[in-house]
Amino acid sequence: MNRATPRLRALAALPFVLALAVHLLLFARWRDELPAELATHYSLGDGGEADGWTGRAGYVLISTALIAGLAAAWTALVRRRALWGAWATAGFTGGLLVQLLRNNLVDEFEVQVSEPAVDLAVAGTAAVAAALAGWALTSLVPEEEPAVRSGAPDGPRLALGASEVAGWSRSTGSRALTVLAALALAAAPVVLLVLSWPDALFGLLGLVIGVPGLALARVRVTVDRHGLTVRSGVFPKPRVRIPLDEIAGADARDVHALAEFGGWGYRVRAHRTGVVLRSGEALVVRRDGGREFAVTVPDAETAAALLNTLAERHGKV
Amino acid sequence: MLFRVDPASSVPLGDQIAACVRGALADGSAAPGERLPAARELADSLGVNVHTVLRGYQRLREEGLIELRRGRGALIVPGATAPDRARLVSRLREAAAEARELGLSDEEFVELARTSLG
């Protein structure tokens, strides 16, 4: 199985540390010239004049949290071939923040003005330069182990006659997720009505959480001649399908939602993906290349046995 | 729930599908209140005609084992007695098959069943 080495993770975190350091250093250096309230939002209409301000402490806190959040995400999910992406992200974010500081370096009674094209050009250049550096550093990380494809899938089997055709289908759901998603959806219009613009935009968060939540609250898991398919019980799309010829083996085992997947729902981790509606019995499929896909479903043992049998039969044809 | 059918068998495919649901209900691998896959999906999974699956579902409905609801698909009847009912139906079908092997006509079998209600 492939794992991101500590070295790869360190190289993914490095650009964010650099961006944070440069940003804070510049902030400290320009401290006396920066206003007490930094212009952090610019109107697009009035020649880019500032229309939103943040206090110094708040600004440092928010910008640091932004960089730290991006760093955490990239460090957790990085793959060798995507290392340049971490550097590009850090370069772009750092570039934008430094531009923001520079736009604030004006005399007290002048209006802060931003030229979006210039800011984006600077951030873009920083991103490209950082991406090139990241790409060059990729050679410091050893190649991921090549996929080992064993002749036949391992795991349990199901005795199936030569002319027999079989399929397995099961619907599974999470009541907690249903309730949470429904609450989020119900909150969206309330927030939109009660809060003033632009805070009311938080109401959209209700939709962003509620719609996918509801789609995942009930899923149908199917194992058949096409492979493994997981789709929402509410909407026909999207669905996840792993074709038989990409399956290296299937097993039933208990998974832990928080420890292994960091939560519930559609989870993407460095080496495994999952539709995780609870902790407990799950169908776990190993794909060619070593990645795992898990879906929590009752009677997973039968599903795994059928999947292995079908994959083996598919390979013989 | 596991569906397995054998197109080479002399038993009609719809009956084989119905038998899968009955068996799953009887041995506990399907629970009362559980939703069956949509007929179109199951037909695609097994590579059979949609009408074949619907014939199987219709038979299960006549046996009182599933409910067919418009827009909600097929649902195993809720209630703790569903597995026992599934076992009863299976035994009845076995008895009917045995009666045919013995050369009894359908009327004679029904008459026999009525007498045994005694």
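Residues numbered from 1 in each chain as written. Chains lettered and ligands numbered in written order. Predicted model: local features only at pLDDT ≥ 70, side-chain atom pairs only at ≥ 80, totals over all residues. Heavy atoms only, no water.

In the nomenclature of an unreviewed UniProt entry, chain B corresponds to GntR family transcriptional regulator from the organism Streptomyces viridochromogenes.

As recorded by an unreviewed UniProt entry, chain A carries the name DUF1648 domain-containing protein and is attributed to Streptomyces viridochromogenes.

(A) Examining the interface of chain A and chain B more closely. Residue-level contacts link 20 residues of chain A with 18 residues of chain B. Carbon and sulfur atoms supply 41% of the area that chain A and chain B bury against each other, a total of about 1,700 Å² over both sides. Put simply, chain A and chain B have four salt bridges between them. Here chain A is connected to chain B by 15 residue pairs in polar contact (both at pLDDT 80 or more). Among the elements that make up the side of chain A that touches chain B, the one with the highest residue count is strand β3 (residues 165-173) of chain A (six residues). Tallied by class, residues from the side of chain A that touches chain B come to seven nonpolar, six polar and seven charged. Sheet topology note: the β3(A)/strand β1 (residues 2-5) of chain B ladder contains four bridges and is antiparallel. Bridging across to β1(B), A:W168 finds its partner in B:L2. (Contact = heavy atoms within 4.5 Å. Buried area = accessible area lost by both parts, 1.4 Å probe. Salt bridge = Lys/Arg side-chain N within 4 Å of Asp/Glu carboxyl O. Polar contact = N/O pair within 3.5 Å; in protein donor to acceptor, adjacent residues only side chain to side chain. Helix = DSSP H or I, 4+ residues; strand = E, 2+ residues; numbered from the N terminus. Nonpolar A, V, L, I, M, F, W, Y, C, P; charged D, E, K, R; others polar. Pairing = 2+ DSSP bridges.)

(B) Quick peek at the sheet that holds strand β11 (residues 292-296) of chain A. Residues and elements named next belong to chain A. Taking strand neighbours across the sheet as the criterion, the five strands line up as β7-β10-β11-β9-β8 in an open arrangement whose pairing is mixed. Only two strands of the sheet have a single neighbouring strand rather than two, namely β7 (247-255) and β8 (265-268). Averaged over all pairs of adjacent strands, the angle between strand axes in this sheet comes to 15°, irrespective of strand direction. With five bridges joining them, strand β10 (residues 280-287) and β11 adopt antiparallel strand pairing. The residue bridging V284 from the neighbouring strand is A294, located in β11. (Axes fitted to C-alpha atoms, helices over the stretch in contact; angles between N-to-C directions.)

(C) Main features of the packing of aromatic side chains. All names here are of chain A. Applying the stated criterion across every chain yields a total of one aromatic pair over all chains. For the pair F27 and Y59, a centre-to-centre distance of 6.1 Å together with 25° between the ring planes defines the contact as stacked. Of this pair, F27 sits in helix α1 (residues 6-29) while Y59 sits in helix α2 (residues 56-77), and the two are 32 residues apart along the sequence. Like Y59, F27 is buried. (Phe/Tyr/Trp six-rings, centres within 6.5 Å; stacked < 30°, edge-to-face > 60°. Buried < 20%, exposed > 50% of the residue type's maximum accessible area, 1.4 Å probe, protein only.)

(D) Inspection of the pattern of salt bridges at higher detail. This model, assessed by the stated rule, comprises 18 salt bridges over all chains. Between A:E164 and B:R4 there is a salt bridge, and its shortest N-O distance comes to 3.0 Å. Here B:R4 lies in strand β1 and A:E164 lies in the loop between α4 (116-137) and β3, a pairing that spans two chains. With a shortest N-O distance of 2.7 Å, B:R87 and B:D84 are connected by a salt bridge. Of this pair, B:R87 and B:D84 both sit in helix α4 (residues 82-101), separated by three residues, roughly a single helical turn. A residue is classified by how much of its surface remains accessible, and B:R87, at 33% relative accessible area, is partly exposed. A relative accessible area of 46% places B:D84 in the partly exposed class.

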